Amino acid sequence: MTLPNTSSENHEVLLRMEGVYKSFPGVQALSDARFELRYGEVHALVGENGAGKSTLMKILGGIYHMDAGQVYLEGRAVEIHSPRMAQDLGISIIHQELNLMPHLTIAQNIFIGREPRSKISFLMDDKTTNQQAENLFKLLNLQLDPTTKVSDLTVAKQQMVEIAKALSYNAKILVMDEPTAALTDTEIEELFSVIRQLREKGVGIVHISHRLEELKQISDRVTVMRDGKYIDTLQTQAAPINQIISLMVGRIIYESAPELPENPSQEVVLEVRNLNSGKLLKDVSFSLKRGEILGFAGLMGAGRTEVARAIFGADPYDSGEIYVKGQRVHIKSPGDAVSQGVGYLSEDRKRYGLALGMDVKENVAMAAMKKFLSWLGWVDFKRTAARGQEMVKALNIKTPSLEQKVKFLSGGNQQKVVVGKWLTADTDILIFDEPTRGIDVGAKSEIYKLLNDLAHQGKAIIMISSELPEVLRMSHRVVVMCEGRVTGVLNASEATQESIMKFATMRGSVVQASA
Amino acid sequence: MKSETKTAQTLFRSDAMQRLMAFSALIVLSIGFSVASPYFRTFDNFVGILLATAVNGVLALGVTFVIITAGIDLSVGTVLTFSAVLTGVFITNWHLPIPLGILGGVLAGSLAGFVNGTLISRMKIPPFIATLGMLYATKGLSLVISELKPIYFNDTPAFREMAMGSILGKIIPGFEVPNAVFILFGAAIIANFILTRTVLGRYTFALGSNEEATRLSGVNVAAWKTAVYTLCGFFAGIGGVLMASRLNSAQPALGAGYELDAIAAVVIGGTSLSGGEGSILGTIIGAFIISTLTNGLRILSVPQEWQMVVTGGIVILAVFLDILRRRR
Amino acid sequence: MKSETKTAQTLFRSDAMQRLMAFSALIVLSIGFSVASPYFRTFDNFVGILLATAVNGVLALGVTFVIITAGIDLSVGTVLTFSAVLTGVFITNWHLPIPLGILGGVLAGSLAGFVNGTLISRMKIPPFIATLGMLYATKGLSLVISELKPIYFNDTPAFREMAMGSILGKIIPGFEVPNAVFILFGAAIIANFILTRTVLGRYTFALGSNEEATRLSGVNVAAWKTAVYTLCGFFAGIGGVLMASRLNSAQPALGAGYELDAIAAVVIGGTSLSGGEGSILGTIIGAFIISTLTNGLRILSVPQEWQMVVTGGIVILAVFLDILRRRR
Amino acid sequence: APAAQATEAPAAAKPYIPVISKGFQHQFWQAVKLGAEQAAKDLNVDITFEGPESEAMVDKQVEMFQTALDKKPAAICLAAVDSKAFQPLLEKAKAANIPVIGFDSGVDSDIPAATASTDNIAATNLAADKMVELIGGEGEVAIIAHDQTSRTGIDRVKGFTDQIVSKYPKVTIVDTQYGGGDQLKSTDLAKAIIQAHPNLKGFFGANEGSIIGVLNAVKELGMEGKIVVIGYDSGQQQMDAIRAGTEAGAITQNPVGIGYKCVEAALKAYKGETLPKVIDTGFYWYDKTNIDDAKIQAVLYK
Ligand SMILES: Nc1ncnc2c1ncn2[C@@H]1O[C@H](COP(=O)(O)OP(=O)(O)OP(=O)(O)O)[C@@H](O)[C@H]1O
Ligand SMILES: Nc1ncnc2c1ncn2[C@@H]1O[C@H](COP(=O)(O)OP(=O)(O)OP(=O)(O)O)[C@@H](O)[C@H]1O
Ligand SMILES: [Mg+2]
Ligand SMILES: [Mg+2]
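Residues numbered from 1 in each chain as written. Chains lettered and ligands numbered in written order. Predicted model: local features only at pLDDT ≥ 70, side-chain atom pairs only at ≥ 80, totals over all residues. Heavy atoms only, no water.

## Section: the coordination of the magnesium ion (ligand 4)
Ideal donor angles around a metal are set by the shape: a four-donor tetrahedron calls for 109.5 degrees, a six-donor octahedron for 90 or 180 degrees.
Residue and element names in this part refer to chain A.
And step 1. Distances from the magnesium ion (ligand 4) to its protein donors, namely Thr305 (OG1) and Glu347 (OE), fall within the range 1.8 to 2.5 Å. Here Thr305 is found in helix 9 (residues 304-312), whereas its partner Glu347 is found in the loop between strand 16 (342-345) and helix 11 (349-353), with 42 residues between them in sequence.
And step 2. On the accessibility criterion, Glu347 (21% relative accessible area) is partly exposed. (Donors = N, O, S within 2.8 Å, 3.2 Å for Na, K, Ca; no water. Helix = DSSP H or I, 4+ residues; strand = E, 2+ residues; numbered from the N terminus. Buried < 20%, exposed > 50% of the residue type's maximum accessible area, 1.4 Å probe, protein only.)

## Section: the coordination of the magnesium ion (ligand 3)
Residue and element names in this part refer to chain A.
And step 1. Protein-derived coordination of the magnesium ion (ligand 3) comes from Ser54 (OG) and Gln96 (OE1), at a distance range of 1.9 to 2.0 Å. Linking Ser54 in helix 1 (residues 53-60) with Gln96 in the loop between strand 6 (91-94) and helix 3 (106-110), this pair joins segments that are 42 residues apart in sequence. Both residues of the pair, Ser54 and Gln96, belong to the buried class.

## What about the interface of chain B and chain C?
And step 1. In this complex, chain B contributes 43 residues to the contact, which on the side of chain C involves 42 residues.
And step 2. Of the roughly 3,500 Å² buried between chain B and chain C, counting both surfaces, carbon and sulfur atoms make up 86%.
And step 3. Of all residues in chain B, Phe128(B), Tyr136(B) and Ile316(B) bury the most surface against chain C, accounting for 17% of the area lost on that side.
And step 4. Counting every contact that joins chain B to chain C gives zero salt bridges.
And step 5. Joining chain B to chain C, the criterion identifies two residue pairs in polar contact (both at pLDDT 80 or more).
And step 6. Here the side of chain B that touches chain C takes 14 residues from helix 6 (residues 127-146) of chain B, the largest share from any one element.
And step 7. In terms of residue class, the side of chain B that touches chain C is made up of 32 nonpolar, four polar and seven charged. (Contact = heavy atoms within 4.5 Å. Buried area = accessible area lost by both parts, 1.4 Å probe. Salt bridge = Lys/Arg side-chain N within 4 Å of Asp/Glu carboxyl O. Polar contact = N/O pair within 3.5 Å; in protein donor to acceptor, adjacent residues only side chain to side chain. Nonpolar A, V, L, I, M, F, W, Y, C, P; charged D, E, K, R; others polar.)

## Overview of the packing of aromatic side chains
All names here are of chain B.
And step 1. Following the criterion strictly, the structure yields 23 aromatic pairs over all chains and no others.
And step 2. Considering the side-chain rings of Phe43 and Phe175, the 5.2 Å spacing of their centres and the 80° angle between planes classify their relative orientation as edge-to-face. Remark: Phe175 occurs in the loop between helix 8 (167-171) and helix 9 (179-197) and Phe43 occurs in helix 3 (residues 43-68); sequence separation between them is 132 residues.
And step 3. The partly exposed category is assigned to Phe43, whose relative accessible area is 33%.
And step 4. With relative accessibility at 41%, the residue Phe175 sits in the partly exposed group. (Phe/Tyr/Trp six-rings, centres within 6.5 Å; stacked < 30°, edge-to-face > 60°.)

## A look at empty space enclosed by the protein
And step 1. Here the structure, examined in full by the defined rule, presents 14 cavities of 30 Å³ or more.
And step 2. The space that makes up the second largest cavity amounts to roughly 220 Å³.
And step 3. Every residue lining the second largest cavity is counted, 17 residues in all, and those nearest its centre are Gln87(A), Ile93(A), His95(A), Leu216(C) and Ser217(C).
And step 4. Secondary structure elements with two or more residues in the lining of the second largest cavity: helix 2 (83-88), strand 6 and helix 5 (155-167) of chain A together with helix 11 (211-216) of chain C.
And step 5. Of the residues belonging to the lining of the second largest cavity, the class tally is nine nonpolar, six polar and two charged.
And step 6. Two domains each donate at least three residues to the lining of the second largest cavity, and these are domain 1 (1-90 + 171-250) and domain 2 (100-170) of chain A. (1 Å grid on protein atoms, 1.4 Å probe; cavity = no way out; pocket = protein on both sides within 12 Å on 5 of 7 lines; lining within 4 Å. Points joined across faces, edges and corners; volume = space filled by probe spheres on them. Domains from an automatic or database assignment.)

## Focus on the confidence of the model for chain A
Residues and elements named next belong to chain A.
And step 1. Per-residue pLDDT for chain A has a mean of 86; in total, 94% of the residues score no lower than 70.
And step 2. Ignoring residues within four places in sequence, the model shows residues 1-10, a span with pLDDT below 50, making 18 contacts including any to other chains.
And step 3. Within the model, the stretch residues 509-515 combines pLDDT values under 50 with 17 contacts to residues more than four positions away or in other chains. (pLDDT = per-residue confidence, 0-100.)

## Concerning the relation of the copies chain B and chain C
And step 1. Superposing chain B onto chain C takes a rotation of 180° combined with a translation of 0.1 Å along the rotation axis, leaving an RMSD of 0.2 Å. Each copy turns onto its partner about a two-fold axis. Closest approach to the rotation axis within chain B is made by the C-alpha atom of Gly257(B), at a distance of 3.9 Å.
And step 2. A shared interface surface links the copies, since 98% of the contact residues of chain B are contact residues in chain C too. (Least-squares fit on C-alpha atoms with pLDDT ≥ 70 in both.)

Written out as structure tokens, the structure is:
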């Protein structure tokens, strides 16, 4: 593989996709999509949920076959029939969904399909495999043990493994489909420095993301898609974010959330005292008031998800007390939690949020089946469908019908279905774990508005988020965690990026800030 | 109006197509055999096929639920025997009234199912092992309880009438279709209702689709899973009573290997072993494919060893055609 | 140095603990029976148990691979018979040299496995159905080929010696452990080597862990999956030859139900039916648990019907203990 | 090392004789067991009785025999599913000085000291004669048997078929199928055969499960009296059918006698007495007319 040894100023075209069409049953995912990538360029691909970004890249990766269209690689027309072929052509993709083998180790995952062999060709050489993985991590500045099983990693670390794997191919083209969705700012910064290195080497990089503020940091050009169509390609530095957004959604939206109203209520609806769980949680205490949005900030692995799962009864905890509306409660299962009025929207929608093989309305009804029963336990289809329709409208879920299986929805729309499920359960306390992960700007602002409305209606909301601007904008108060401890609780007025980061990195000591 | 369209859609989504496919396989088989043998296409033989489907069909109904949850039940065959033996004990040995005896037998089956469900959902034993254990246990218990002897229903001719009499024949003389056939269809309708219209059915699919997500939706997964296995045992119980009525006796040594036929019916009917999808109509058609095939080959006097070879081939073919269709 | 620790870790991670658990179950069983009966603890009986494990153990080896890929093979029992019958045809009817006959039988098993694999990986037939079809087909073919009669190896006493002779007995007089036992251990060592050290083994785990991700990594999933089923057929073939040698005859009607025993051995040994994990050592211990249990209950002259009940209970218990341990 | 004397078995004062049959779940084998237990009581020996679940399971039976040998018994009674497959084990028994007595269909080897068995070929020859007589010397008949490969399955089908083929050219056997002794499967099987052969005049069921299937089929199709049904062995249902006239008659062996005689012979062999090679336990034709004779009643089981 020889790449022109030039910097990002090289204008030679590495990849061109033209007139790409692709349909799925009931959906025209792509119609006349176009894309161009140059050597040594970071090219952002943006669009609303379901715009067809992932589909276009899966065609490039040999996973889907296009109905019509043409792909040119370094000027040559190519047909890509299989993932293997794409690899051989120097195309490496980090998919939106994690694609790892949880039972295998990190090193085994990275080198799957091209294991270093020993002298006898059918024998594997695990030593070399691990060694090479370690070298790779050193290069990428990652703290990973190659022999750890992937199932023992958090989502964020799994994402890092995916990235490491993709980089290990030494590809000409690296496609990253929302690689940053599961990462915190520090990790994103590390990833970007790796990307910059690759750009220097002339690799063409496709970067799909809904975090538009990233575009300016990393990308050279940006292509906007809408409804499966190519809209425009802009020089990132020259294009204001608002222009990109309006191209994406085809209308003007208010990117910033409406002003957060002051929370008048002082009624504590949820109180957690001295929650301990193994090494993961240490003495976690906080309270949540009616009508309040309580942000949870922290670095990856700070234990925020653990807190949520413990409160929700999804995982057992060792000690601690939980009070709902002043009453001590013993929540032993998610069922108990729901009946106590606690809902939890998990951070990994595919694994924990959705019955992928079931349809939109069924998923929406899942957490509140009792509401959809007629006599003797029969399901009332009319009401189920009506509620599904309501949610599709309210959350603007892009789906051909209520009967579409959710596995066929785009990632962002799947997330909205999960939100719909918990709105339907209508619990007084809602824990949103990374609610806007993988969601486009339009939908994001809809969700912000929704959170506001819910708070306004008197619901109490915990919002776990790794996006600091979001936490700052959306929270009445912010709980900051580090290494399983609450290191600080900040009022909206005191919360800044700097103050949060200070507490988020306060390792090994407990300092209680003003509440 | 809108919801009607939706119901129609629900019925005729891809699943429906798939059943259609299995259905065409059934039709093709039937036509083939009808052309090949005049004896195949008689009314009596048709009734014979219906009757031969009854026991396996009822078993397969319950298995459908279990398989949709991505589970498996290997014990249905021996649980069937267990129910039959207990029905015999209740009616013949204890002289209980027939309805009570039947109820007792069906409850025994449900109880076995409940134990399966508890082992699986609360003690987290993999379904394959829990029900394999139950297979051995009920096989042994049937022999123990019956003292290794068949139990006859000679004192209670009404019991035999239950499955083998023909209410239809009394209404329309000449159409002597045994009640067992209607019991099968009745059970299928109930099963279909439970699967498509009740919460249990909804959770059956949800469990098979994503058990963890179902749990995190606040659903009491253990309880519902137990319910599914109990239901499977319930249908096995009905199968046992049917079998006892048909044979006018409870045969304690019967039932080994029945589970494979039941599972085959379910899978041929388009229910996926990886869970999350399936239908009762498909299962019934699957059961008919198996019994039509068996009957047709017998009618043609194909040597039994070749019957096996052909059955194997056709089972694979039926599923392959279905897969081809789905891939399109 | 670092990588050595890692190998050690790989060996003694949770899997190893689990085998230990199954192993303790085996020890407890053995001690229990030894105390209960003086006949159990004799050398002859010990050898009897080893011998009784040989066929099921070899079958279970192949099934381990299949189950790690999250597949299933129901046909191993009848494929075993098929191989045995073909070995009989080659050696007794065609008078081929014994090694050639054995090779032929093993190849026949592998071929059946290859067909399974092709149906599953290329035609996308669910493993349960493909191998169920193969179960019927090989059952029938064995009968057809043998013309419904056992084929005896009376002209070739050396064939019988293969499994039932004792090379060890010749070296250490008094230790008449039949070769079949060493064939089992040899096969297990090879299987373990393939599973842990070769690319095939790696892909076996990868397929069971996440097939789609494996495919997206550019692995030729269809080819490797076919290889796994072929390997399973290969071991079934060895099992068939062993069985034929042991019985000095190829019994065409044998083999039904063996698949359940083999699968049970694998699962008791800690291999998960949902794929991605498992070990050969576990499987071997699982197979020994089953045969020790059967032998012990027989030695104690427990009535057969109660043997079944106890077996069912112990199978469940063994797995439950394992689960308890893992939950901690 | 083999024991010179089998008596060194610990703790057992009474001689121990394991009886290994071809099955245990069916009534026939239960009747054999009854006879064996009777003998055990009369002769003051200990017995155990076991058998595989189906007559195809040679290997399971081999395993049982092996275990029995390990218990160092006084003698072993064996109804081998496949006697040739037992040759090596029989040699082992001989080497260990443990006498083996065959029963039921016998053991095809010269090691067993004696065999208490029914001549299945002769018995089914008789069934064929009766069948031809009852259908009036010509027409179609069919057979349902339990399995293709077991000794009794083979012999009974062979005895019946050979007799018809060689002696009665006007009678044809239109179909022979196997239902594994499973009453339900045999019922559906018999129905299909009757459907396919409307001129069928006679039906032979080669064991209890098979004949119950035939009887069910005839009943379900309303053909009682139109088809001559001949069975094998006894059992409540079959006896009822014979009394009711839906079954013309059946061959019965003497299962209780088989069980008794083989244990008796085993004890004699253990004590070193010489025995006749063959102990014919006999078979009987019974029908409505003689079913209640004391002699017949003595060999029937319910
Ligand atoms: N396998 C499939 N079957 C059916 N429809 C599909 C499939 N994959 C994608 N789609 C549909 O195609 C359209 C484009 O989806 P795609 O995943 O490419 O969107 P996206 O731009 O990546 O969205 P997101 O930002 O939410 O990930 C969506 O409407 C989606 O529902
Ligand atoms: N399934 C698991 N197995 C092992 N360790 C885990 C698991 N889940 C979480 N952890 C560990 O628990 C700690 C807390 O993780 P948690 O997911 O609660 O963090 P978080 O603050 O929500 O971060 P994230 O941004 O990754 O969601 C981390 O050290 C993580 O590695
Ligand atoms: Mg996408
Ligand atoms: Mg988290």
